[in-house]
Amino acid sequence: MPQVTVYSTQNCPYCRLAKAFLDRYGVEYRSIDVGVDRTAAKEMVEKSGQYGVPVITVDDEVIVGFDSNRLSELFGSSDVSSVYDIIIAGAGPAGMTAALYCARKNLKTIVISEDIGGQALESWNIENYMGYRMITGDELMSKFEEQVRQTDIKIELDQIASLLPTTGGYIVKTASEKQFKGKSVILAQGKRPKRLGLEREEEFTGRGISVCATCDGPLFKERVVAIVGGGNSALQTAIEMSNIATTVHLIVRSKIRADAVYEEKIKNHSNIIIHLGSEVAELKGTDRLSGIVINERSSGKGEELNVDGLFTEIGWVPNTGFLEGLVNLNYMKEIVIDINCRTNAPGIFAAGDVTAVLGKQIIIAAGEGAKAALSAFDYLMVNH
């Protein structure tokens, strides 16, 4: 057996997924929390060049992030072909709720997703989900997963590459070249973080730039960081990072557009410096990020900030690239649905933040997932 080590942090959901994958295939591994063990953190950076988790070493090979495709090549099984009543794309609040409802209807169902939890994993604290006064996104989605795992639903950790119509349903092909057939499909694959669109952004991703403060935040203990954004997620991230970093710069393009509760909380953190009406214009550094240049939008005046980390919280883009020409999308590339979560394509339903539904909330996504499953069940009863 190869020697496998997982470098992780305590609250990183992608680290948990990597370990769950290895556990599923009976792979023995050593787990190191680099949020606590600073020596191990340095070792991880030296091996991978990354300031982000997870990092997995398999003998001399270094795997950055939860790369389900590479892990499947190393440890997985390719014998997964089957015909399902329903294929669910995505395992966030909408997809997991849909899966549970499908299980209750005794439908043969598979969930295909790169992760379990989706955008909810990025939430430090959730205070508006009924039944919990406060819970982290990771904790809430762990409870979703635990409930779904008690059913016969199959969960395949992979990325959907294409969705094509075929006789009697649809064919899904994944990035790892697996193929699944479903009589119907529920699209609940959510959104991915927007990029700043700056030169060298890709180069510094994982080397100072992160889209997951929950995962990578502990690596910036007693350092200086910047958060870009002015909504709830940005303020929540700034508040949490102020308890980890020495200084937090909050870069807001126009004005703060967050709930009043977060605006009040941020006033209690003296190490948060707010730059209103500013945007990041340039990224500085050699082999990793060491600073940013921000421009004041009204005057064009520039200022250079020395920072060790940059967390982007500027919004999300729908994961609908593989759907062009198959279902109707709006101008934002969100899936257009009716009140029963039906798309214009027969047998294809959609739920959650990937749709044009106005409210982008966990509780709304979960409700829409239930609706989509019930609509899919009605469709199958009539057509199959």
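Here's what I pulled together on the structure shown here.

## So, the overall build of the protein
For step 1, the next point in the chain: The number of helices and strands found in the protein is 10 helices and 21 strands.
For step 2, the next point in the chain: Considering only C-alpha atoms, the protein reaches an extent of 65 × 50 × 40 Å along its principal axes.
For step 3, the next point in the chain: Burial status across the protein gives 53% buried among its 384 residues.
For step 4, the next point in the chain: As displayed, the protein offers around 17600 Å² of accessible surface, 46% of which is attributable to carbon and sulfur atoms.
For step 5, the next point in the chain: In the protein, 40 positive and 49 negative side-chain charges are present, and the distance between their average locations comes to 4 Å.

## Things to note about the state of the cysteines
For step 1, the next point in the chain: Per the stated rule, a full pass over the model turns up 1 disulfide.
For step 2, the next point in the chain: Each sulfur in the disulfide pair Cys212 and Cys215 lies 2.4 Å from the other. Between Cys212 and Cys215, the S-S dihedral sits near 65°, and the bridge is therefore right-handed. Across the pair, exposure class does not vary: Cys212 and Cys215 are buried alike.
For step 3, the next point in the chain: Not engaged in a disulfide, the cysteine Cys102 finds its nearest cysteine sulfur in Cys341; these two sulfurs lie 12 Å apart.
For step 4, the next point in the chain: Relative accessible area serves as the criterion here: at 1%, Cys102 is assigned to the buried category.

## Remarks on the packing of helix H4 (residues 93–104) against helix H5 (residues 137–149)
For step 1, the next point in the chain: Between H4 and H5, the shortest axis-to-axis distance is 10 Å and the interhelical angle comes to 25°. Judged by the inter-axis angle, H4 sits roughly parallel to H5. Crossing angle aside, the handedness with which H4 passes H5 is left-handed. Residue-level contacts link Pro93, Met96, Thr97, Ala99 and Leu100 of H4 to Met141, Phe144, Glu145, Gln147 and Val148 of H5.
For step 2, the next point in the chain: Partitioned by chemical class, the residues of the contact of H4 with H5 number 7 nonpolar, 2 polar and 1 charged.

## Details of the environment of Cys102
For step 1, the next point in the chain: Looking at where Cys102 falls in the secondary structure, it is placed in helix H4.
For step 2, the next point in the chain: Linking Cys102 and Ile153, residues 51 residues apart in sequence, is a C-alpha distance of 8.5 Å.
For step 3, the next point in the chain: Those residues within four positions of Cys102 in sequence are excluded, and the remaining contacts are Ile86, Ile88, Leu107, Thr109, Ile186 and Ala373.

## Observations concerning the environment of Glu222
For step 1, the next point in the chain: Position of Glu222 among the secondary structure elements: in the loop between helix H7 (213–216) and strand S13 (224–228).
For step 2, the next point in the chain: Between the C-alpha atoms of Glu222 and Arg104, which are 118 residues apart in sequence, the distance is 49 Å.
For step 3, the next point in the chain: In this structure Glu222 touches Ile244, Ala245 and Thr246, once residues within four positions along its chain are discounted.

## Considerations on unusual backbone geometry
For step 1, the next point in the chain: Note the cis peptide between Val53 and Pro54, where omega equals 0°.
For step 2, the next point in the chain: Within the element layout of this structure, Pro54 appears in the loop between helix H2 (38–48) and strand S3 (55–58).
For step 3, the next point in the chain: In this model, Asp59 sits at a positive phi of 55°, which is unusual for a non-glycine residue.
For step 4, the next point in the chain: Turning to its location among the elements, Asp59 is positioned in the loop between S3 and strand S4 (61–64).
For step 5, the next point in the chain: Its relative accessible area of 46% is what places Asp59 among the partly exposed residues.
For step 6, the next point in the chain: For Glu177, which is not glycine, the phi torsion reads 70° and is therefore positive.
For step 7, the next point in the chain: Summarising the element assignment, Glu177 is placed in the loop between strand S9 (169–174) and strand S10 (179–187).

Procedures and definitions
In this convention, every chain numbers its residues from 1, walking through the sequence in written order. Side-chain atom pairs in this predicted model are given and counted only at pLDDT of 80 or more, local residue features only at pLDDT of at least 70, and totals for whole chains, interfaces and linings cover all residues. Only hydrogens and water are set aside when side-chain values are computed; all heavy atoms of the structure are taken into account. Helix and strand definitions follow DSSP, with helices as H or I runs of at least four residues and strands as E runs of at least two, each counted in order from the N terminus. Under the scheme applied here, a residue whose accessible area is under 20% of the maximum for its type counts as buried, over 50% as exposed, and between as partly exposed, the area being computed with a 1.4 Å probe on protein chains only. Computed by Shrake-Rupley with a 1.4 Å probe, the accessible areas treat only the displayed protein chains as cover when residues are assessed. Charge assignment: positive for Lys and Arg, negative for Asp and Glu; neither His nor the chain ends contribute. To locate a charge, the coordinates of NZ of Lys, CZ of Arg, CG of Asp or CD of Glu are taken. Here, two cysteine sulfur atoms that lie within 2.5 Å of each other are counted as a disulfide. Fitted lines through C-alpha atoms serve as axes, helices being fitted only where they are in contact, and the angles separating the N-to-C directions of these axes extend from 0 to 180 degrees. Roughly parallel means an angle under 35 degrees; roughly antiparallel, over 145; roughly perpendicular, 65 to 115; everything else is oblique. Should the near helix be turned anticlockwise from the far one by less than a right angle, the crossing is left-handed, and should it be turned clockwise, the crossing is right-handed. Any two residues having at least one pair of non-hydrogen atoms within 4.5 Å are treated as being in contact. In this classification, the charged set is Asp, Glu, Lys and Arg, the nonpolar set is Ala, Val, Leu, Ile, Met, Phe, Trp, Tyr, Cys and Pro, and all remaining amino acids, among them Gly, are polar.

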